[in-house]
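Summary of structural features
Single-letter residue listing:
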Amino acid sequence: MRLILLGAPGAGKGTQAAFLCQKYGIPQISTGDMLRAAVKAGTPLGLAAKKVMDSGALVSDDIIIGLVKERLAQPDCAKGFLFDGFPRTIPQAEAMKNAGVKIDCVLEIDVPFEAIVERMSGRRSHPASGRTYHVKFNPPKVEGRDDETGEPLIQRDDDREETVQKRLQVYADQTRPLVEYYASWAKADPAQAPRVRKIDGMGTVEEITARALKALAS
Ligand code: AP5
Ligand code: ZN
């Protein structure tokens, strides 16, 4: 399975990715997690990316495309993969198409903007694994601690309210057009283009996983 999860910031891409990757036995390729790892490691890429991420803008296409191509060359991607937060611009999608990276399905998780701000303000993350919780909707077993390692959870720097508003605007301007991009490609060339599916992202985490699995099987 080669899958793209598309959706606004806070739509639940990372949350659902964990279940889908386990179900299909494929790696999760989250460009956001890769960038946060670079920030934590203090690499030159991380230092440059941190400023951009904290502002809510997007890291340049060239950097992201390079990172993803390098990741796809690793052997665990041979059986498939799940893109979470990538592609995020038309040039990123075109770069994959031009590189002959075949995608089976683009799954859009649809959540109204009003619900997103509440989701992001309550999000807590375990940086080492990328596991994500919510203080109210998806709490960890022990408050402030990761379920598997017991390590402390953090709040992401880009989940401040003003940055969230900017990220939502960037999504509407630069990423949402990908829905139309994939829909027109599917219409023009159904044999080569990915299937495009959309699910309602409101409900419990389990309900949305069930919807995703049903949509992917259709
Ligand atoms: P990235 O890390 O990709 O962030 P994002 O797309 O903004 O998405 P999020 O991680 O915020 O949300 P999510 O959909 O994964 O939701 P989650 O499952 O956590 O990118 C961060 C930054 O990196 C970008 O702004 C950019 O600067 C840069 N970047 C990354 N990729 C890039 C690219 N390709 N090109 C250029 N720049 C790039 O859920 C959110 C919360 O809701 C959690 O608390 C969760 O527990 C809760 N929740 C989940 N499901 C439910 C539910 N059903 N009901 C209630 N709460 C729920
Ligand atoms: Zn995420």
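Scoring rules and cut-offs
Residues numbered from 1 in each chain as written. Chains lettered and ligands numbered in written order. Predicted model: local features only at pLDDT ≥ 70, side-chain atom pairs only at ≥ 80, totals over all residues. Pairing = 2+ DSSP bridges. Helix = DSSP H or I, 4+ residues; strand = E, 2+ residues; numbered from the N terminus. Axes fitted to C-alpha atoms, helices over the stretch in contact; angles between N-to-C directions. Contact = placed C-beta atoms within 7 Å. Near = placed C-beta within 6 Å. Nonpolar A, V, L, I, M, F, W, Y, C, P; charged D, E, K, R; others polar. Core = buried A, V, L, I, M, F, W, Y, C linked by C-beta atoms within 7 Å. Buried ≥ 20, exposed ≤ 12 C-beta atoms within 10 Å, placed from the backbone. UniProt positions renumbered as here; feature names shortened; annotations may be inferred. Arc of directions from axis to C-beta. pLDDT = per-residue confidence, 0-100.

What follows concerns the sheet that holds strand β1 (residues 2-6). Through backbone hydrogen bonds, the strands of a sheet pair up, either in parallel or in antiparallel fashion. Taken in spatial order, the five strands of this open sheet run β2-β3-β1-β4-β7, and their pairing is parallel. A single partner strand is all that each edge strand has here, and the edge strands are β2 (28-30) and β7 (195-200). Within this sheet the neighbouring strands show an average axis-to-axis angle of 20°, counted without direction. As paired strands, β1 and strand β3 (residues 81-84) are joined by four bridges and run parallel to one another. Within β3, the residue paired with R2 across the bridge is F81. The strands touched by helix α9 (residues 205-217) within the sheet are β4 (105-110) and β7, with β7 carrying the most contacts at an inclination of about 160°.

Below, the discussion takes up the site of ligand 1. Of all residues adjacent to ligand 1, which total 36 residues, the nearest are P9, G14, G32, G85 and R123. Listed by contribution, the elements that provide at least two residues to the shell around ligand 1 are α1 (13-24), α2 (31-41), α3 (44-55), α6 (113-121), β6 (131-134) and α9. Across the shell around ligand 1, the residue classes break down as 14 nonpolar, 16 polar and six charged.

Before going further, it helps to examine the nonpolar core. Judged by nonpolar contacts, the single largest core of 39 residues is most densely connected at I4, L5, L82, F83 and L107. Not counting residues up to four positions away in its chain, the partners in contact with F83 are L3, I4, L5 and I29.

Right, let's talk about the UniProt feature "binding site: ATP" (unreviewed entry) in the protein for a bit. Here the UniProt feature "binding site: ATP" (unreviewed entry) sits at G10, A11, G12, K13, G14, T15, R123, T132, Y133 and G203. On the neighbour-count criterion, G12 (26 C-beta atoms within 10 Å) is buried. With residues up to four places along the chain from it excluded, the contact list for G12 reads G7, I109, V111, G201 and I208. Relative to the helices and strands, G14 resides in helix α1.

Bringing the pairing of β4 into the picture now. Alignment of β1 against β4, held across four bridges, turns out to be parallel. Each residue of the ladder has a partner; that of I4, found in β4, is V106. Both β4 and β7 contribute to a ladder of six bridges, which runs parallel. Residue pairing in the sheet places C105 in a bridge with R195 of β7.

Among the structural elements, P9 can be located in the loop between β1 and α1. Taking the C-beta count within 10 Å as the criterion, P9 has 24 such neighbours and is therefore assigned buried. Separated by 30 residues in the primary sequence, P9 and V39 have C-alpha atoms spaced 19 Å apart. Ignoring anything within four residues of it in the chain, the contact list for P9 reads I116, M120, V164, R167, L168 and Y171.

As annotated by UniProt and renumbered to match this structure, "binding site: AMP" (unreviewed entry) occupies T31, R36, A57, L58, V59, G85, F86, P87, R88, Q92, R156 and R167. These annotated residues cover 137 residues of sequence, and their C-alpha atoms sit far apart, with the largest distance between any two at 24.5 Å. Inspection of the secondary structure puts G85 in the loop between β3 and α5 (90-98). Under the C-beta neighbour-count criterion, G85 is labelled buried, with 22 such atoms within 10 Å. The contact partners of G85, leaving out residues within four places of it in the chain, are K13, S30, T31 and G32. Its place among the elements puts P87 in the loop between β3 and α5. Among the residues examined, P87 registers 27 C-beta atoms within 10 Å and is labelled buried. Residues in contact with P87, not counting those within four places in the same chain, are Q92, A93, M96 and L178.

The next point concerns α6. The complete set of buried residues in α6 reads I116, R119 and M120. The arc that holds the buried residues of α6, viewed along the axis, is 90°, so those residues lie on one side. Against β5 (123-126), β6 and α7 (161-175) lie the buried residues of α6.

Looking at the protein, pLDDT values average 95 and 100% of them are 70 or higher. We note a pTM of 0.94 for the whole complex and an ipTM of 0.97 for its interfaces.

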